[in-house]
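Descriptive structure summary
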Amino acid sequence: MLVGRRRAVGKRLPPEDWGEKTGAAKDHLRERGGPGGRVCGRWIADSAGGLVAGEARRRGSWDGCAAVGKRIRPMDWRRGETRRGSLAEAGGEVRGRRVGGYNRSMKPTAKIWHNGRLINWDDAKIHVLSHVTSYGSSVFEGIRCYVTKKGPAIFRGREHMRRLQDSAKIYRMDLKYTVDELMAAMDELVRVNGMESCYFRPIVMRGYGDVGVLPGNNPIETYVACWEWGKYLGEDALARGVDVCVSSWTRIAPNTLPAMAKAGANYMNAQLIRMEAALNGYAEGIALDEAGYVSEGSGENIFVVRDGKIVTPPLGASVLPGITRDTVMELARTLGIPIVESLVPREMLYIADEVFFSGTAAEITPVRSVDRIEIGSGSRGPITEKLQKLFFDVVEGNVPERAGWLTPVSGARQPVQV
Ligand SMILES: Cc1ncc(COP(=O)(O)O)c(C=O)c1O
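The structure contained in this document is the topic of the report that follows. (Residues numbered from 1 in each chain as written. Predicted model: local features only at pLDDT ≥ 70, side-chain atom pairs only at ≥ 80, totals over all residues.)

Before going further, it helps to examine the nonpolar core. Formed by 78 residues in total, the largest nonpolar core has its most connected members in Val-244 and Val-355. Looking at this core, you find at least three residues from each of domain 2 (111–227) and domain 3 (237–397). Excluding anything up to four places from it in sequence, Val-244 contacts Ala-277, Tyr-282, Ala-283, Glu-284, Gly-285, Ile-286, Val-367 and Val-370. Grouped together as the second largest cluster of nonpolar side chains are 5 residues, Ile-252, Ala-259, Val-319 and Leu-320 included. (Core = buried A, V, L, I, M, F, W, Y, C linked by C-beta atoms within 7 Å. Buried ≥ 20, exposed ≤ 12 C-beta atoms within 10 Å, placed from the backbone. Domains from an automatic or database assignment. Contact = placed C-beta atoms within 7 Å.)

Spelled out as structure tokens, the structure:
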């Protein structure tokens, strides 16, 4: 049964309902006025990288893609169809208008930290011929500072900065700053920018100098910026969950780019995954590793729950060693929920009782469907909810025994007492 355009596009269906889905897709097409309209399903890429959706229909694509012969521009993922739990919530551009959390225009703050001193937001610029722009030679972090009763506090900042050091070491980049110095940089930024909560983006990059691939006379530039950032996968994604797909793109394989480094170049792979998902109307894409096992989302680690036990792919499945992943594992142990690292076959996603993502940006986000197959009851499951609740209690400083994960910001703006 069709209930309006958005449903036609985003409908989650039982596995056997492919026939109805095709019908839904056709209906949607009619609503959009025939040729030139498009229905979100799987788009088929042509050899030039454009997308010929009519081809999908000719082939009778199971997921009912029915745009009619219209080639859409490669960048049209920004105007992808929207549906609940999907692009609009995830924050894309819909008819030229920015919506949602992740891509919402950021509000500049006053200062950015650069190589040990504060500079104005607008002065944080690099030369176009910097090594990083041609060769992707950067490593970075994403860290959150939460509002707590005692004022702003940075969550697991030391672990993030250690991973930044690891990433730099893997790429032979000489990061001159210690974890303490980088922690002090974040502390200072919260104070000077008057933040109550924020997201930090430390970036270490090879700068302007030699232009060849072999870095030589290229200074290592270190920046830390911060800004206010909402919910990565949408405001109500945390409660209702998101609809995701398995990507046609494989996660970077070992011996290509090291997955344990959080390097800018890795996110070219992540962009392909994320854009494909958005174009097809999904909030996120899950990449498989080169052997075909589940790896992770474009910007999140993944967990699968079945019969009360949690499984997450091991580091050998090309996953980033997520700080939130580690947090989830610790919290599951605290709650007495069995959790193991193990290879996850793709089909385990479909038959799971619960699936959820973890990440600094995504926090703990339930997944309610994968490839339009409903997961469990199609909403946040009880184990996900328990972990989420404990996670937010921890990051907001309500769990004294986990206080060590929070670094209070010295002399920062205190919350208003009522
Ligand atoms: C590819 C990828 N995997 C996993 C994560 C989650 O890592 P963390 O929990 O440290 O933010 C991120 C986010 O940084 C990511 O980009």
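Position of Gly-116 relative to the elements: it lies in the loop between β5 (111–114) and β6 (117–120). The exposed category is assigned to Gly-116, around which 11 C-beta atoms lie within 10 Å. Residues Gly-116 and Thr-222, spaced 106 residues apart in sequence, show a C-alpha to C-alpha distance of 8.3 Å. (Helix = DSSP H or I, 4+ residues; strand = E, 2+ residues; numbered from the N terminus.)

Examined bridge by bridge, β5 and strand β11 (residues 220–227) share 2 bridges and lie antiparallel to one another. Residue pairing for β11: His-114 is matched across the bridge by Tyr-223. Where strand β10 (residues 198–206) lies against β11, 8 bridges are found, and the strand directions are antiparallel. Bridged to Val-204 within β11 is Thr-222. (Pairing = 2+ DSSP bridges.)

Turning next to the site of the ligand. Near the ligand lie 14 residues; those nearest to it are Gly-322, Ile-323, Thr-324, Gly-359 and Thr-360. Going through the elements one at a time, α10 (323–335) and β18 (354–359) are the ones with two or more residues in the shell around the ligand. Per-element accounting of the shell around the ligand gives the leading share, 3 residues, to α10. Here the shell around the ligand is built from residues that sort into 3 nonpolar, 8 polar and 3 charged. (Near = placed C-beta within 6 Å. Nonpolar A, V, L, I, M, F, W, Y, C, P; charged D, E, K, R; others polar.)

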